[in-house]
Amino acid sequence: MPAFWIVLIVLGIAVAGFVLGRSRALNAVIGDRRDLHSLPNYYGWNAALKGVVPALGLLAIWLILQPMLIERAVTGLVSEQAIAEERDLGLVLADVRRVAAGLDAAVAQGLLSGDAARDLSTASDDIRATLATAGVALGSDVQPAVLAAAQRFRVLSGQAGLVMVALVLAISAGGTLYGLREVRPDFRARNVVEQGIRAILIGAACIAILTTVGIVLSLVFNTIEFFRLYPAADFFFSTTWSPSFGGGSELGILPLLWGTLYISLIALLVAVPIGLFAAVYLSEYATKRVRSVAKPAIEILAGIPTIVYGLFALLTVGPLLMKVFGDDGLGWMQAGTAVMTAGLVMGIMLIPFVSSLSDDIINAVPQALRDGSYGLGATQSETIRQVILPAALPGIVGAILLAASRAIGETMIVVLGAGAAARMELNPFEAMTTVTAKIVSQLTGDADFASPEALVAFALGMTLFVITLGLNVLALYIVRKYREQYE
Amino acid sequence: MYDTASRLEGQVSATDIKIAARDVQVFYGDNHAIKDVSVDIQDKTVTAFIGPSGCGKSTFLRCLNRMNDTIDIARIEGEILIDGEDIYDKRVDPVQLRAKVGMVFQKPNPFPKSIFDNVAYGPKIHGLSKTRADLDDIVERALRRAALWDEVKDRLTAPGTGLSGGQQQRLCIARAVATEPEVLLMDEPCSALDPIATGQVEELIDELRQDYSVVIVTHSMQQAARVSQKTAFFHLGSLVEYDTTDKIFTNPQDSRTESYITGRIG
Ligand SMILES: Nc1ncnc2c1ncn2[C@@H]1O[C@H](COP(=O)(O)OP(=O)(O)OP(=O)(O)O)[C@@H](O)[C@H]1O
Ligand SMILES: [Mg+2]
């Protein structure tokens, strides 16, 4: 039975539990709800929560663990074959899963009966053809060991699935019944529900945290794998980036970091002054009517997909810069794709980040501070420079650092606007490239996934992650420091 | 009420009148907060505004240095003359006006800067000091006058927002005094002060009277009686009675004034 239906049934049980719990509570005091410790709804919620939370928790854990355990159980059937063919065990297991899925599909479409699927053998049947009709294409003929493992896989999955359905539904019904039995006038349903809600919230927080941990761990493992194949010192200190998929690549991160920081710097030089001034205008000078039009208009910039900015860089800004700085003009620029092109466009993209956040922060500065300053005979710009901006500074710094992490992580604009050449040059009119752009090109090539040329992407991602993390920590530190001083 | 004002005008010579308000109306949107207020505030005098909460004392005070300009929905009608000049005239620069007519707000609002910078803010903006030593002097003098110097002299670089409520109130007084205004508007300057600090601030007010004209809003009848020479009683946005403090407290003309100062309405 698919998980979706199980969830629906569990929810149905919970609804029934809610209704029953509520009415039981009312019956227990013969309709006078003042004799109840909690409002009747809380007794309903208590039964419903006890029916849902443990059952769905078990379901989630089961769905995660079941494939792992079953895979381990069938590994023994194919490990010899993997050794014989000198293939990675993981790849063979992937084949097993694929054949199993194919058999499932074939049975579901009525091409095979359940018994026939169990009794297939490589000697008598053309399994590849059968599965192809069912919509699962296989790269090669099915090996006997793989087929056996796949059949075992199906049997185990089927049995485990039945046990799971039975257990989950039993726990759900049992929980609901337990919740119903607890209904007594002096039962503190309100407090119990409070705890149940807390458990749900904690669960949500845990999922978010665990996902982050999972992402970081996968980065870390692949990075370690990379450093096993490629010396870390070369990666961090070499100034050449020239991957060649045949081997003998030089994978120095420095040119990429340089490109990233250079482009980000130009982007921030564009975005911070413009964004900040726009924010000051909007929050201090603009009338309500102007503000109500201008603020959303600026925020539209934030809604434009970055690929559109990339096209803008490639088709408009690049050629425009070429006219001025290219061979017909000052002669500094060889092609439209350059650090300057990408930086300018990225700066435009970041304007709403800086302006919108800063605007909110400036607005949050209490009116009493402005009054105090005006009351001493200060002009508007004196008030802004000497009172409002200092008071809003921690928040503004936070906004700028946020924009910086966006700039560092931006990919599309760089791919289209800055070119693909990994260089360390000072001239901003040269093409350069960034860490993110290279991550894309390393993973989209057809390199073997276990080669250093592909694994380097994880090391690059990890480095980027550490840098943005550092920026965020710095932002927090600055905000804290000023807050201590001002509040 | 209008009689009172014109009678007063006869008593004092025109040069003695620092601020003359005529038929002032203030609206916050549809709310008519000040109705037909006409009053003459004398130079070198302390004038007290008293009246129940919400009667418009702060609102009227804020008209006198055009602080209501910063409130979008506020609309002001009528005429206010300072030294014979209409402050709501188009040619008048509100910024300069506010340097001349200083204000201490009802709620203390120190800037998120050091104690020193809070007090030095006005003098720096208006270029009142030539040298750093000058500035130090001005700051020290202002803090002494506001009876705060002894408490903060060792931590002038600490943030002003870190002071206690009463200290913040005195810091705001020092900040206003440091700018050397000709008129000082004080909105409940002692609401968070203990009796000792209150006494010191009252002394300051008395001292300021030598050179300036001071308008003080207060909820304390005793304070009004102690520090002011003139008292104005506001009720529901109107000026009910305006006379010498002695007269208001010993022989009020209006029954509402009498009930208020004896504590029967409020
Ligand atoms: N910024 C504002 N926007 C709208 N209405 C306001 C504003 N400030 C004051 N009012 C209204 O104007 C009226 C007078 O307020 P005001 O602050 O002048 O009273 P007050 O006499 O100073 O009272 P208190 O003694 O409590 O300080 C009140 O009805 C108040 O609601
Ligand atoms: Mg007030």
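These numbers come from a predicted model, not from an experiment. (Residues numbered from 1 in each chain as written. Chains lettered and ligands numbered in written order. Predicted model: local features only at pLDDT ≥ 70, side-chain atom pairs only at ≥ 80, totals over all residues. Heavy atoms only, no water.)

Quick look at the interface of chain A and chain B
Move 1: The interface is formed by 21 residues belonging to chain A together with 24 residues belonging to chain B.
Move 2: Joining chain A to chain B, the criterion identifies 1 salt bridge.
Move 3: Close ionic contact of Asp371 of chain A with Arg62 of chain B constitutes a salt bridge, the shortest N to O distance being 3.7 Å.
Move 4: Summed over the shared surface of chain A and chain B, the result is 4 residue pairs in polar contact (both at pLDDT 80 or more).
Move 5: Only α13 (367-375), α14 (380-409) and α17 (452-486) of chain A provide two or more residues apiece to the side of chain A that touches chain B.
Move 6: Among the elements that line the side of chain A that touches chain B, the one with the most residues is α13 of chain A, at 8 residues.
Move 7: The residue inventory of the side of chain A that touches chain B, partitioned by class, reads 8 nonpolar, 9 polar and 4 charged. (Contact = heavy atoms within 4.5 Å. Salt bridge = Lys/Arg side-chain N within 4 Å of Asp/Glu carboxyl O. Polar contact = N/O pair within 3.5 Å; in protein donor to acceptor, adjacent residues only side chain to side chain. Helix = DSSP H or I, 4+ residues; strand = E, 2+ residues; numbered from the N terminus. Nonpolar A, V, L, I, M, F, W, Y, C, P; charged D, E, K, R; others polar.)

Details of the coordination of the magnesium ion (ligand 2)
Residues and elements named next belong to chain B.
Move 1: At this site the magnesium ion (ligand 2) is bound by Ser58 (OG) and Gln106 (OE1), with donor distances of 1.9 to 2.3 Å. On the criterion of sequence distance, the pair formed by Ser58 in helix α2 (residues 57-63) and Gln106 in the loop between β6 (101-104) and α4 (115-125) is long-range, its members being 48 residues apart.
Move 2: Under the relative-accessibility criterion, Gln106 is labelled partly exposed at 36%. (Donors = N, O, S within 2.8 Å, 3.2 Å for Na, K, Ca; no water. Buried < 20%, exposed > 50% of the residue type's maximum accessible area, 1.4 Å probe, protein only.)

Digging into the UniProt feature "transmembrane region" (unreviewed entry) in chain A
All names here are of chain A.
Move 1: Here, the residues flagged by UniProt with the feature "transmembrane region" (unreviewed entry) are residues 45-65, 160-180, 200-220, 256-280, 300-321, 333-354, 387-408 and 454-479.
Move 2: For the annotated span residues 160-180, helix accounts for 100% and strand for 0% of the residues, and the straight-line distance between the end C-alpha atoms is 30 Å.
Move 3: Annotation note: span residues 387-408, helix share 100%, strand share 0%, distance between end C-alpha atoms 32 Å. (UniProt positions renumbered as here; feature names shortened; annotations may be inferred.)

A few points about the domain arrangement of chain A
Move 1: The domain boundaries assigned to chain A delineate domain 1 (3-187) and domain 2 (241-486).
Move 2: The centre of domain 1 of chain A, based on its C-alpha atoms, is set 47 Å off from the matching centre of domain 2 of chain A. (Domains from an automatic or database assignment.)

Things to note about the confidence of the model for chain B
Move 1: Chain-level pLDDT for chain B is 89 on average; 94% of the residues reach the 70-or-more range.
Move 2: When the criterion is pLDDT under 50, residues 1-14 of chain B qualifies, and its contacts beyond four places in sequence or with other chains add up to 18 contacts. (pLDDT = per-residue confidence, 0-100.)

Quick look at the UniProt feature "domain: ABC transporter" (unreviewed entry) in chain B
Move 1: As recorded in UniProt, the sites labelled "domain: ABC transporter" (unreviewed entry) are residues 19-261 of chain B.
Move 2: Helix and strand shares over residues 19-261 of chain B are 37% and 27% respectively, and the end C-alpha atoms of the span are 25 Å apart.

Some remarks on the sheet that holds β6 of chain B
All names here are of chain B.
Move 1: Spatial strand order, β6-β7-β8-β3-β9-β10: 6 strands in an open sheet with mixed pairing. A single partner strand is all that each edge strand has here, and the edge strands are β6 and β10 (238-244). The mean inter-strand angle of the sheet, taken between neighbouring strand axes irrespective of direction, is 15°.
Move 2: Pairing between β6 and strand β7 (residues 183-187): 4 bridges, direction parallel. Bridging from a neighbouring strand, Val104 pairs with Met186 of β7.
Move 3: Running at roughly 175° to β6, helix α7 (residues 165-178) makes contact with β6 and β7 of the sheet. (Pairing = 2+ DSSP bridges. Axes fitted to C-alpha atoms, helices over the stretch in contact; angles between N-to-C directions.)

Details of the site of ligand 1
All names here are of chain B.
Move 1: Surveying the vicinity of ligand 1 reveals 15 residues, the closest of which are Ser53, Gly54, Lys57, Ser58 and Thr59.
Move 2: Only β2 (31-42) and α2 provide two or more residues apiece to the shell around ligand 1.
Move 3: The element best represented in the shell around ligand 1 is α2, accounting for 3 residues.
Move 4: Of the residues assigned to the shell around ligand 1, the class counts are 5 nonpolar, 8 polar and 2 charged. (Near = heavy atom within 4 Å.)

Some details on the nonpolar core
Move 1: In this structure, Phe226, Phe235, Met346, Leu350 and Leu460 of chain A are the most contacted members of the largest nonpolar core, which totals 57 residues.
Move 2: Taken together, the elements giving at least two residues each to this core come down to α7 (189-229), α9 (254-285), α11 (306-325), α12 (339-364), α14, α15 (412-417), α16 (435-444) and α17 of chain A.
Move 3: In terms of residue count, the dominant contributor to this core is α17 of chain A (11 residues).
Move 4: Within the second largest apolar cluster, 44 residues are counted, among which are Val139, Val152, Met186 and Ile261 of chain B. (Core = buried A, V, L, I, M, F, W, Y, C linked by side-chain atoms within 4.5 Å.)

Focus: unusual backbone geometry
Residue and element names in this part refer to chain B.
Move 1: Here Asp23, not a glycine, exhibits a phi torsion of approximately 50°, which is positive.
Move 2: With respect to the helices and strands, the residue Asp23 is situated in strand β1 (residues 17-28).
Move 3: Residue class for Asp23 comes out partly exposed when judged on its relative accessible area of 37%.

What to know about the packing of aromatic side chains
Move 1: This model, assessed by the stated rule, comprises 16 aromatic pairs over all chains.
Move 2: Seen in terms of ring centroids, Phe226 of chain A and Phe227 of chain A are 5.3 Å apart; in terms of plane orientation they differ by 55°. Their pairing is tilted.
Move 3: The rings of Phe226, Phe227, Tyr230, Phe235 and Phe236 of chain A are connected pair by pair, giving a single aromatic cluster.
Move 4: Over the face of the ring belonging to Phe27 of chain B we find Arg75 of chain B, whose NZ or CZ atom lies 4.4 Å from the ring centre.
Move 5: The ring of Phe111 of chain B carries the charged tip of Arg175 of chain B above its face, separated from the ring centre by 4.2 Å. (Phe/Tyr/Trp six-rings, centres within 6.5 Å; stacked < 30°, edge-to-face > 60°. Lys NZ or Arg CZ within 6 Å of the ring centre and 35° of its normal.)

What about the pairing of strand β9 (residues 230-235) of chain B?
Two faces, one strand: in a regular strand the side chains alternate between the faces of the sheet.
Residues and elements named next belong to chain B.
Move 1: Of all 6 residues in β9, 6 are buried; the element is thus mostly enclosed.
Move 2: Burial of the side chains of β9 extends over both faces: Lys230, Ala232 and Phe234 are buried on one face and Thr231, Phe233 and His235 on the other.
Move 3: Where strand β3 (residues 46-50) and β9 come together, 4 bridges link them in parallel fashion. Pairing of Ala48 across the sheet is with Thr231, part of β9.
Move 4: Strand direction decides the pairing type here: β9 and β10, joined by 6 bridges, are antiparallel. Bridge assignment links Phe234 to a residue of β10, and that residue is Leu239.
Move 5: Between the end of β9 and the start of β10, which pair antiparallel, lie 2 residues, with Leu236 showing a positive phi angle near 50°.

Some words on the state of the cysteines
All names here are of chain B.
Move 1: Enumeration over the complete set of coordinates arrives at 0 disulfides over all chains.
Move 2: Of all cysteine sulfurs, the one in Cys55 lies closest to Cys63, which takes part in no disulfide; the gap is 13 Å.
Move 3: Overall, the relative accessible area of 0% leaves Cys63 in the buried class. (Disulfide = S-S within 2.5 Å.)

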